[in-house]
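Working through the structure, step by step
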Amino acid sequence: MRPLKLVMTGFESYKDRTEINFEELGNRGLYLITGDTGAGKTTIFDAITFALYGSPSGADRNVEMLRSHFADENTPTFVELDFEANGKKYHIKRNPEYERKALRGEGITTEAANAELQPDGQEPLSGVSKVNAEIERILNLKKEQFCSIAMIAQGRFQQLLLSKKDDKERLFRELFHTEKYESLQNQLKSDKSQALAYLNELKLRMGEALSGFIFSEEDEEAEKINQIKNSSYVKEEDFEFLKNFAAKDEKKLSELISQIIENEKKLEKVNGDLQAGSERIKTEEKLTAAEKNLSEKGKNLEGLKEVVTRAEKEAEKLPGLEKEKTLLEASLKKYEEISKKEDGLEKLGEEIKTAEKKEIELEEKKNKYEAAIETAKVELAALKNAGEKASSYEISLEKISEEEKEIKDIEKRLSELIRKKEELVISQNKVEQINSLVVQTNKKYTDLLRLFNLEQAGILAEKLEEGCECPVCGSKDHPHPAVKSSEAPNQTEVEEAKKEADRVSSQSTSLAVEAAQKKTEAANSEAEINKLLKKYFSSLSAADKELASEIVKRKESLQKDYEETEAKLLEEKKAKFRHEEIEKSLPEIESSLKQTENEALENNSKMAGLKAKLETEAKNLEAEKSGLKYKTFAEAQKSFMLLENQITQLKGAFESANNNRNDCEKEIENLKGEIKSLNEQLKKTQALDMEKLNKEKLKLYEEKNSMNTQRDSLSERKGINQESLRKIEALIPEIEKATDRYNMISALSDVAAGSNRGARGRPSLETYVQMNCLDLINRRANLRLKKMTDNKYELRRRVEKDGSELGLDLNVKDFYTGREREVQTLSGGEQFQASLSLALGLADEIQDNAGGIKLDAMFVDEGFGTLDSETLNKAMRALEDLSQGEKLVGIISHVEELENRIPKKICVKKDASGVSHASLIQD
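Procedures and definitions
Every chain is numbered on its own, with residues counted from 1 as its sequence reads. For a predicted model such as this one, the threshold for reporting local features is a pLDDT of at least 70, and the threshold for listing and counting side-chain atom pairs is 80 or more; totals across whole chains, interfaces and linings nevertheless cover every residue. Values reported for side chains reflect all heavy atoms of the structure, with hydrogen atoms and water molecules removed beforehand. Any Lys or Arg side-chain nitrogen located within 4 Å of an Asp or Glu carboxyl oxygen qualifies as a salt bridge. Each helix is a run of DSSP H or I of at least 4 residues and each strand a run of E of at least 2, with the numbering of both proceeding from the N terminus. Note on classification: 1.4 Å probe, protein chains only; a residue is buried when its accessible area is under 20% of the maximum for its type, exposed when over 50%, partly exposed between these limits. The pocket and cavity definitions rest on a 1 Å grid over protein atoms only: a 1.4 Å probe that fits but cannot leave marks a cavity, an open set with protein on both sides within 12 Å along at least five of seven lines marks a pocket, and residues lining either have an atom within 4 Å of a point. Grid points are joined across faces, edges and corners, and a volume is the space filled by probe spheres set on the points. In this classification, the charged set is Asp, Glu, Lys and Arg, the nonpolar set is Ala, Val, Leu, Ile, Met, Phe, Trp, Tyr, Cys and Pro, and all remaining amino acids, among them Gly, are polar. In short, DSSP must find at least two bridges between two strands for them to pair. Two residues form a contact once any of their heavy atoms are found within 4.5 Å. Simply put, an axis is a line fit to the C-alpha atoms, just over the touching stretch for a helix, and the angle between two N-to-C directions goes from 0 to 180 degrees. Directions from the helix axis toward the C-beta atoms define the arc. To pair, rings of Phe, Tyr and Trp, with the six-membered ring standing in for Trp, must have centres within 6.5 Å; the planes then decide the type, stacked if under 30 degrees apart, edge-to-face if over 60, and tilted in the middle.

1. Structural notes on the pattern of salt bridges
Counted under the stated rule, the structure contains 29 salt bridges. Lys-573 is the salt-bridge partner of Glu-394, the closest N and O atoms lying 3.7 Å from each other. Remark: Lys-573 occurs in helix H12 (residues 547-625) and Glu-394 occurs in helix H10 (residues 390-461); sequence separation between them is 179 residues. The partly exposed category is assigned to Lys-573, whose relative accessible area is 43%. Linked by salt bridges that have partners in common, Glu-416, Arg-419, Glu-423 and Lys-518 make up one network.

2. Topic: empty space enclosed by the protein
This structure, assessed with the given rule, holds two cavities of 30 Å³ or more. The computed volume of the second largest cavity comes to approximately 40 Å³. Forming the boundary of the second largest cavity are Met-1, Pro-3, Phe-45, Ile-48, Phe-146, Ala-150, Ala-857, Met-858 and Phe-859. Listed by contribution, the elements that provide at least two residues to the lining of the second largest cavity are helix H1 (42-53), helix H3 (143-150) and strand S14 (857-861). Ranked by residue count, the leading element in the lining of the second largest cavity is S14, at three residues. Of the residues contributing to the lining of the second largest cavity, the split by class is nine nonpolar, no polar and no charged.

3. Overview of the pairing of strand S12 (residues 810-814)
Most of S12 sits inside the fold, with five of its five residues counted as buried. Taking every second residue as pointing to the same face, both faces of S12 are buried, with Leu-810, Val-812 and Asp-814 on one and Asn-811 and Lys-813 on the other. Note: strand S11 (residues 793-797) against S12, five bridges, orientation antiparallel. By the bridge assignment, Glu-794 is partnered in S12 with Lys-813. In the sheet, S12 pairs with strand S13 (residues 819-822) via four bridges, with the strands oriented antiparallel. Bridge assignment links Asp-814 to a residue of S13, and that residue is Arg-819. Two successive antiparallel strands, S12 and S13, enclose a turn made up of four residues, where Gly-818 displays a positive phi of approximately 75 degrees.

4. Thoughts on the sheet that holds strand S10 (residues 151-152)
Across the sheet, six strands lie side by side as S10-S14-S15-S3-S16-S17; this open sheet has mixed pairing. Looking at strand neighbours, the two that pair on one side only are S10 and strand S17 (916-922), the edges of this open sheet. Inspection of the sheet shows strand S16 (residues 904-910) paired to S17 by seven bridges, in the antiparallel sense. Across the sheet, Val-908 pairs through a bridge with Ala-918, a residue of S17. Lying on the sheet, H1 is in contact with strand S3 (29-34), S10, S14, strand S15 (888-892) and S16; it crosses S14 at an angle near 140 degrees.

5. What about helix H7 (residues 222-230)?
Along H7, the positions that sit buried rather than exposed are Ala-222, Ile-225 and Ile-228. Projected down its long axis, H7 shows its buried positions confined to an angular sector of 125 degrees, all on one face. Summarising the geometry of H7, the exposed residues directed more than 90 degrees from the buried face are Glu-223 and Asn-230. In this structure, the buried residues of H7 make contact with helix H6 (179-211) and helix H8 (236-314).

6. Notes on the packing of aromatic side chains
Here the structure, examined in full by the defined rule, presents seven aromatic pairs. Aromatic side chains Phe-11 and Phe-50 sit 5.8 Å apart centroid to centroid with 35 degrees between the ring planes, which places their arrangement in the tilted category. A residue pair is termed long-range when its members are at least 10 positions apart, and Phe-11 in the loop between strand S1 (2-9) and strand S2 (18-21) and Phe-50 in helix H1 qualify at 39 residues. For Phe-50, a relative accessible area of 1% puts it in the buried group. Where Phe-22 meets Tyr-31, the ring centres are 6.5 Å apart and the plane angle is 65 degrees; that geometry is what we call edge-to-face. Accessibility expressed as a relative area gives 2% for Tyr-31, which makes it buried. An aromatic cluster is present here, built from Phe-45, Tyr-53, Phe-146 and Phe-859 joined pairwise through their rings.

In structure tokens:
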């Protein structure tokens, strides 16, 4: 894949349309993307990545950050890229989701994310998901793979070189998709757990089936059955033993059932005799009761006859009472009419009271409406200009809010600057401490080496003889021979001191680089803050001590202005609302006043008519009531009901007495017939010895219960044991099959997880594949590393002292010393060379791993600022070699030496407002 032309509009720091024609840079060689820190150099690669995959390259960037905050509401945000892949040309245009001004009317709308891909000479393809899928098909790369191949970023230089095993595993899983091997490991582990769980479940079910097998400790087979139930595995002969034991219960049960049937026959005969005897006793009891009842009924009949005689005498009063009732009933209608007229008079009085009350209410209502109209007119005149200042107050509030937001951003940046300066001080202190340690370790090594060398001279001096040549200088005279020191160090101590000095020196270099980076970050942050401060605090900078208090004062002033303006706006809105409310309500109040006056006139007329009617009807009613026996209709009606109840009671008493006498005579006749029938039944039956029969029945029932208990127990035991045997028989082959499956899966899982040998075990399947990937990357990386280091270093995967290969950690082979050591011991420049070589080797391997794809363009981001001249030259030669063969390599850097040696450049600058601009220059 080769980018041909890139267009950015409203994208990150690029506000205006920016076009970069990569074809003008040629199709091979190096070019430089240069500019100050934060100018927008890496954004160019971000834009290419976004155009292809819909998201930027860095993990710290997200799609929501892509819309340039410099762009106004009319400026769109999009990226266009022309590129060539596999001999074909393509044009892609993509925009993120962002808010823009609505095309019609006022307000803001959301522009949906979209993408359009057009192959040269073909119909375009639209839609984010469709375009994403087509890009992956064309390039044969996921986004993560593309970024790792096309962009060698500064942070990733050392990530692969120095990261721990777990970090490398995650990176390799992402780039080489080795997660399928981890999935296989996890699946085998899960299958092993499931197989073991299933086997344990079967064993548990076997234990439950055995625990359900019933027997008695008195059984002669009890000891053997206990042994079987306590075992973890049931053998075939054990199963046969349990079956034979269960068969004996079936024979016992058959014999017991025969005994129960014989008992039932005997019990049936005894129950028949007892039932016959019981029936005779019941007949005798009924006869005695009937004779007693007949005697009592005869006595009751005499008393009932006397009651009938008394009722006949009381009934003689009925004719007189009937006559009185008829007369009173005729006069009740007159009483009822008078009562209704009295109710009418009372109702007229209530209506008059209601009219009088309404007269007062309408007068009060009228006064209230007149006062409200007068008040509304006065208030309406006072609110004539209400609401005119609301718009200016709203604009003021927006300006205050915007200023508060910008000052909060300044505060946030100041806090971040303080944190960065504190980190810088800590980092600088560490550098001072480590530099002091460097001096100490170097001095210790130098002193030990000097003493060791003196020791060598002393050893030689012991063997010198006058007249014999010195093996060092050849002199035969030895005026001042060296004396051997008793405190001189040995060679091992000297070598250990050198290792410590080299380690501390390497650590000093790393800390110095870190401190320099932090200093640059702090300076850049302070410069950005000072630009922002010019707008509101022109005379102050981030370093001024009084800045914090000035910001507090400014915030307090803004808060006060906001509250005052907001209060004024609220009052203005309230006044406007009140003016509109009065204008709307005034006609309604006037209409209500007119309606109230009309209602008062109607009420007064109605009240006069009601009073006249009440007076006339009251006089007429008094004339009608004269000459009546009772004062009210209620008293007359009560007297009528008393007469009616008295007549009803007399008639009911006479009728009830006659009915009771007739019923008693019928019951006497029925009892005489029942006594005759019972005597005839007793003559047909024979008396039996009930006590003897009951004893015999009790004995048979006890025998029956005992046999039933034995039968139920045997039957239950038989059923439970047969069910247990059925379960045991079914589980035996299942357990054998599950055991075989668990043994097989367990062995496979242990091999895949690398836990099948020794305490350290073997590498897991995924780690083994990743180790091979790392070996392939090392082969490619070492071709460049050896060239950059004049064949001094070679990267090797670390092998433990016991020969095990369990990790992805790296060592470096030093051919000058012949020893292998950790990559962390390399100096800063050497680590850069190793990291760059490894990153380029990784890019080569990913391309081959993805099907031998070809990327004709690559970006290398920073990392050159800490290199000395010689190391920089070697790194540049490696990149120049990389750019041979139709590959264009862009180096993102602000190192001045690179600007002088690379003629083709894309210069990126930020103007005073912070907007980025890019231009292509060829020296």
